[in-house]
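Topology and contacts: notes
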Amino acid sequence: MSTITLHTHVSDIVSSVPQTADLFRSLRIDFCCGGQIPLENAAAQRQLDPEAVLNQVKLLQDKFEKYQESRPASLGALELIEHIQHKHHAFLRDELPALTPYVTKLARVHGERHPELLRVQELFTQLKKELLEHTQDEDQNVFPLMVRVITESETDAGKQLLSLISGLEEEHSSAGSILQELREVTNDWELPDDACGTYRLVYQRLAGLEKDTYDHIHLENNVLFQEIRTLL
């Protein structure tokens, strides 16, 4: 990822780190139509300290770079659980609520001309609900049970765990179906000729959400769950 400085254009910052749009939105810095100016100038226009804004941008850049770090070549089940929680679950808790107002705005402003956006909003709302409930269940119930089975070899807990894993795999299939339909209704994230900055931002972040979710599901279905089944 390229180095961001005070001379980097606001629009380029958002293109590089889409989550900075949330920061600029809160600071009332225009990253859409007026984003073709250096960060230093944009901050000054809002009577903000450019260095302070740059520091906030870099904090977000570092945070989301960590989310994108690849999984080490070999992790045991306990380490893999921690990795999934710190990377994928943390990402979803941050990204899904933050992306919601943009999806809502896009459907409201452009939905009449592009009715597929109304379906995008419906699908995103459903996906958000399912993924947040799914990850909460894993964090509070399933993963602690896995840890007990791994560390204490509890036979009864192991039987319960196998049933829970089957349920999680069904939920993963549901999320995958939603993501597949999102791709279909957006024609593989193809932007129309009249796409504005918000339009581009939403599609870029939905594509990033799709990638992270598929990576997340792969690690659980094909790595973690298989390790647990082998252990049992």
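To keep things clear, this report deals only with the structure shown in the data block. Quick caveat, the model's predicted, so the values are computed rather than measured.

Scanning the model with the defined rule gives 12 salt bridges in all. In this structure, Arg 229 engages Glu 169 in a salt bridge whose closest nitrogen and oxygen atoms are separated by 3.0 Å. Of this pair, Arg 229 sits in helix α8 (residues 197-231) while Glu 169 sits in helix α7 (residues 155-185), and the two are 60 residues apart along the sequence. It is possible to trace a salt-bridge network through shared partners that takes in Asp 22, Glu 95 and Arg 205.

So, about the packing of aromatic side chains. In this structure the tally under the stated criterion is 3 aromatic pairs. Between the aromatic rings of Tyr 199 and Tyr 203, the centroid separation amounts to 5.3 Å while the plane-to-plane angle is 70°, which identifies the pairing as edge-to-face. Separated by 4 residues within a single helix, Tyr 199 and Tyr 203 lie in helix α8, roughly one turn from each other. Taken as a pair, Tyr 199 and Tyr 203 share a single burial class, namely buried. Across the ring face of Tyr 102, the terminal group of Arg 25 is positioned such that the distance to the ring centre comes to 5.3 Å.

Here we come to the packing of helix α6 (residues 116-152) against α8. At a minimum axis distance of 12 Å, the contact between α6 and α8 shows a crossing angle of 30°. As judged from the angle between their axes, α6 and α8 are roughly parallel. For the element pair α6 and α8, the recorded crossing hand is left-handed. When grouped by side-chain class, the residues that make up the contact of α6 with α8 number 17 nonpolar, 4 polar and 3 charged.

So, how was this worked out
Residues numbered from 1 in each chain as written. Predicted model: local features only at pLDDT ≥ 70, side-chain atom pairs only at ≥ 80, totals over all residues. Heavy atoms only, no water. Salt bridge = Lys/Arg side-chain N within 4 Å of Asp/Glu carboxyl O. Helix = DSSP H or I, 4+ residues; strand = E, 2+ residues; numbered from the N terminus. Phe/Tyr/Trp six-rings, centres within 6.5 Å; stacked < 30°, edge-to-face > 60°. Buried < 20%, exposed > 50% of the residue type's maximum accessible area, 1.4 Å probe, protein only. Lys NZ or Arg CZ within 6 Å of the ring centre and 35° of its normal. Axes fitted to C-alpha atoms, helices over the stretch in contact; angles between N-to-C directions. Parallel < 35°, antiparallel > 145°, perpendicular 65-115°, else oblique. Left-handed = near helix turned anticlockwise from the far one by under 90°. Nonpolar A, V, L, I, M, F, W, Y, C, P; charged D, E, K, R; others polar.

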